[in-house]
Amino acid sequence: MRPIDPTTLAGQHFDTVVVGSGFGSAFFVRKLLETRPKNRVLIVEWGSHHPHDWQIEHGANSEIAAADTYSSTHEKPWNYTIGLGGGTNCWFGQAPRFHPSDFGLRSRYGVGNDWPIDYADLEPFYAEAEAIMAISGDPDMAAIFPRSTPYPQPPHRLTTPDRIMKTAQSDAHFAMPTARARVATEQRSACCASFTCQRCPADAKFTANNGLMPMFGDERVTVALRSKALRYEGAGDSIGALVFDHGGKPFRVTGDLFVLGANAIQSPAILQRSSMGGGMTGKGLHESLGTHVEVLLDGMDNFDGSTITTGLNFGLYDGAFRKDYGAALVYFENRWTHGLRSEKGRWRQTLPLMIVTEDLPEDRNGVSVDGDGKAVVTFVDPSDYAERGQTEAFAKLPELLEPLPVEDIVFRSKRPTESHLQGTLRMGRDPATSVIDDRMIHHRWRNLVVVGSASFPTCSCANPSLTVAALSLRAASMV
């Protein structure tokens, strides 16, 4: 990547001005350079570039703590990485697709919102994102998620409990799709199953550093680091300029197309600082709800898989019950989250599970800005819908786990966060209930594209990063 002094950008004009450099922004730019090969792009990134070795040495993904970038009325943490590559640095590499039913929650079950697109609209871009990240995945998942192409890499090795579950529930239990390489590539080692995925010591997980640097270094792309987007300037139905801070001083650049991809807290804050808020802007901050469960096994050893999370079970995911309580996705873990068992000869006879339920966006939870322009999170609680989903899922675990020799099922704890903030600039057809349209263009500011999980109208149980990447590829292909 070519270093640039951001102060030299003052007064310059670009074809495209992008805020942020995570999944949403980076995959959008990557596709844009294919569809518009003469495009001159500026990427404005609040943080610095921290290569893989820096992150390992410092035990951090960024020098900026997320908690220092917003204030909140609630103890719940909202985790994200501010730095080149954004969430590609800190994610664990879990890469499932969203369930086809997730896109039509209101039409099917009378709750939440419908997306203005469906699974079929996004499927080709799911495949493209999986190819870019060399996703390892289970071909049997096509039974639930129709596919146009095979997974680029074979699935990770399942644990013994996973294999038993997959045999008994072949239509519901699958190997976790992951951007942790099963087979080494030119840029990435194979997953070493060391369970330190936030900063992979083997560099097996797809990140900006091992997968996107050619794009960031493209001669058509200028990257301004340590540059915080302050506000847009607009008139009529279009934006004309972005003002950003570098070194405590404001600088202004103009552009034709603007792309907003900070995150679900900082993106609405930028619009609100620009007097471009109102309506649904900032409303509905939410994420999925997670709990830890430990299954004590009777005579069966675990932890013989090849990565941190080996299995996904969809047995509690979809059905008419979603009109009353949230879908649940059960993650089968290949790590000793709760320690090994103390009984002699039974150390490995334990199966840690995560139960993740969908939540519904509620207007009481959201993002605003204070008098100094800093993002303020107002969060009350997850919805009753999500909480009921957890209760029902835990109650149904004995039946779900019947294929296994279960000695006991122990609830361990609520997870404080899934680190998947979303929903504050949601997609939709009606400007009264959404902020952007089906092409991810702002309903009023027609040269502003919003990318990232802020655009999600509803919350799947599945990890969102692959869907963010696919949405950006689709949006860029339609510019």
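As a starting point, this report considers the structure included with it. If you're wondering where the values come from, they're calculated on a predicted model, not measured in any experiment.

**Describing the overall build of the protein chain**
Here comes step 1: Each helix and strand in the protein chain was counted, giving 11 helices and 16 strands.
Here comes step 2: Radius of gyration (C-alpha) of the protein chain: 22 Å, near the 23 Å computed for a compact globule of 479 residues.
Here comes step 3: Taking the principal axes of its C-alpha atoms as reference, the protein chain extends roughly 70 × 45 × 40 Å.
Here comes step 4: The burial tally for the protein chain puts 61% of its 479 residues in the buried class.
Here comes step 5: Excluding contacts between residues fewer than 6 apart, the proportion of contacts in the protein chain whose partners are at least 24 apart in sequence is 73%.
Here comes step 6: Counting every atom, the protein chain has about 17600 Å² of accessible surface; 50% of that belongs to carbon and sulfur.
Here comes step 7: Across the protein chain, the mean location of the 47 positive side-chain charges is 3 Å away from that of the 55 negative side-chain charges.

**Points about the sheet that holds strand β3 (residues 70-72)**
Here comes step 1: With mixed pairing, three strands are arranged side by side in an open sheet as β3-β14-β13. Edge positions in the sheet fall to β3 and β13 (366-369), since each of these pairs with one other strand and no more. Strand-to-strand twist across the sheet, computed as the mean angle between neighbouring axes with direction ignored, equals 30°.
Here comes step 2: Taken together, the three bridges between β3 and strand β14 (residues 375-378) define a ladder with parallel strand orientation. Across the sheet, the residue bridging to Y70 is A375, located in β14.
Here comes step 3: In the packing of helix α9 (residues 266-273) onto the sheet, contacts are made with β3, β13 and β14, and the angle to β13 comes to roughly 40°.

**Concerning the pairing of strand β8 (residues 249-260)**
Here comes step 1: Taken together, the six bridges between strand β1 (residues 13-19) and β8 define a ladder with parallel strand orientation. Within the sheet, the bridge partner assigned to F14 lies in β8 and is G255.
Here comes step 2: Pairing geometry for strand β7 (residues 238-246) and β8, over six bridges, is antiparallel. By the bridge assignment for β8, V243 is matched with R252.
Here comes step 3: Hairpin connection from β7 to β8: two residues lie between these consecutive antiparallel strands, with G247 at a positive phi of about 65°.

**Focus: the packing of helix α1 (residues 23-35) against helix α11 (residues 465-477)**
Here comes step 1: Between α1 and α11, whose axes approach to 8 Å, the crossing angle comes to 30°. Between α1 and α11 lies a crossing whose hand is right-handed. Here α1 contributes F23, G24, F27, F28, K31, L32 and T35 to the contact with α11, which in turn contributes S465, V468, A469, S472, L473, A475, A476 and S477.
Here comes step 2: Its residues placed into classes, the contact of α1 with α11 shows nine nonpolar, five polar and one charged.

**Observations regarding the layout of surface pockets**
Here comes step 1: Roughly 280 Å³ of internal volume is contained in the second largest pocket.
Here comes step 2: Along its surface, the second largest pocket is lined by 19 residues, and K76, L289, P382, R415 and P416 are the ones closest to its centre.
Here comes step 3: Across the lining of the second largest pocket, the residue classes tally to five nonpolar, five polar and nine charged.

**Points about the packing of aromatic side chains**
Here comes step 1: In this structure the tally under the stated criterion is 21 aromatic pairs.
Here comes step 2: Each ring, one from F23 and one from F27, has its centre 6.1 Å from the other, and the planes form 20°; the classification is stacked. Within this pair, F23 and its partner F27 are both found in helix α1, separated by four residues, close to a single helical turn.
Here comes step 3: Classification of F23 as buried rests on a relative accessible area of 7%.
Here comes step 4: Seen in terms of ring centroids, F145 and F314 are 5.5 Å apart; in terms of plane orientation they differ by 70°. Their pairing is edge-to-face. With F145 in the loop between α5 (119-133) and α6 (160-168) and F314 in the loop between β10 (309-313) and β11 (328-333), the pair connects residues that are 169 residues apart, well separated along the chain.

**Notes on the side chain of S306**
Here comes step 1: Secondary-structure assignment places S306 in the loop between β9 (289-297) and β10.
Here comes step 2: Looking at S306, the relative accessible area reads 7%, which means it is buried.
Here comes step 3: Within the local environment of S306, its side chain forms a polar contact with the side chain of H156, the two groups lying 2.8 Å apart.
Here comes step 4: From its side chain, S306 meets the backbone nitrogen of R157 in a polar contact 2.8 Å long.
Here comes step 5: Other than its neighbours up to four places away in sequence, S306 contacts H156, R157, R182, C191, A193 and N334.

**Points about the nonpolar core**
Buried together is how nonpolar side chains tend to be arranged in soluble globular proteins.
Here comes step 1: M133, F216, Y232 and I265 are the most contacted members of the largest nonpolar core, which totals 108 residues.
Here comes step 2: A per-element tally of this core places α11 first, with eight residues.
Here comes step 3: When residues no more than four places from it in sequence are discounted, the contact partners of I265 are Y70, W78, Y80, L285, V367, A375, V377 and L421.
Here comes step 4: The next biggest cluster of nonpolar side chains, apart from the first, holds 18 residues, and it includes F332, I355, L401 and I409.

**Notes on unusual backbone geometry**
Here comes step 1: The phi angle at D203 is positive, at roughly 55°, despite the residue not being glycine.
Here comes step 2: Within the secondary structure, D203 is located in the loop between β4 (173-175) and α7 (208-211).
Here comes step 3: For D203, a relative accessible area of 18% gives the class buried.
Here comes step 4: The backbone of R226 sits at a positive phi, close to 55°, despite the residue not being glycine.
Here comes step 5: One can find R226 in the loop between β5 (221-224) and β6 (228-235).

About the criteria used
- Residue numbers here run from 1 along each chain, matching the order of that chain's written sequence.
- It should be noted that, the model being predicted, local features are given only for residues of pLDDT at least 70 and side-chain atom pairs only at 80 or more, the latter also being counted only at that level, while totals for whole chains, interfaces and linings use all residues.
- Hydrogens and water molecules were not included; the side-chain quantities draw on all heavy atoms of the structure.
- Think of it this way: any DSSP run of H or I at least four residues long counts as a helix, any run of E at least two long counts as a strand, and we number them from the N terminus.
- All radius of gyration figures rest on C-alpha atoms, and the globule criterion is 2.2 Å times the number of residues raised to 0.38.
- Only protein chains enter the area calculation, which uses a 1.4 Å probe; residues under 20% of their type maximum are buried, those over 50% are exposed, and those in between are partly exposed.
- Whether two residues are in contact is decided by their heavy atoms: any pair within 4.5 Å suffices.
- Here the accessible surface of atoms and residues is derived via Shrake-Rupley with a 1.4 Å probe, and residues count as covered only by protein chains that are part of the display.
- Positive charges are assigned to Lys and Arg, negative charges to Asp and Glu, while His and the chain termini are left out of the count.
- To locate a charge, take NZ of a lysine, CZ of an arginine, CG of an aspartate or CD of a glutamate.
- The pairing criterion for strands is at least two bridges between them, as found by DSSP.
- Axis lines are fitted through C-alpha atoms, for helices just across the contact stretch, and the angle between N-to-C directions can take any value from 0 to 180 degrees.
- Note on convention: the crossing is left-handed when the near helix lies turned anticlockwise from the far helix by less than a right angle, right-handed when the turn is clockwise.
- Residues are grouped as follows: nonpolar covers Ala, Val, Leu, Ile, Met, Phe, Trp, Tyr, Cys and Pro; charged covers Asp, Glu, Lys and Arg; every other residue, Gly included, is treated as polar.
- Within this scheme a cavity is a closed region of a 1 Å grid, computed over the protein atoms alone, that accommodates a 1.4 Å probe without allowing it to escape, whereas a pocket is open but has protein on both sides within 12 Å along at least five of seven lines; lining residues each have an atom within 4 Å of a point.
- Grid points are joined across faces, edges and corners, and a volume is the space filled by probe spheres set on the points.
- Each Phe, Tyr or Trp ring, with Trp reduced to its six-membered ring, pairs with another whose centre is within 6.5 Å; inter-plane angles below 30 degrees give stacked pairs, above 60 give edge-to-face pairs, and intermediate values give tilted ones.
- Here a polar contact is recorded for every N or O atom pair within 3.5 Å, except that within protein the pair must consist of a potential hydrogen donor and a potential acceptor, and residues adjacent in sequence are included only if both atoms are side-chain atoms.
- To qualify as a nonpolar core, a set must consist of buried Ala, Val, Leu, Ile, Met, Phe, Trp, Tyr and Cys residues joined through side-chain atoms within 4.5 Å.

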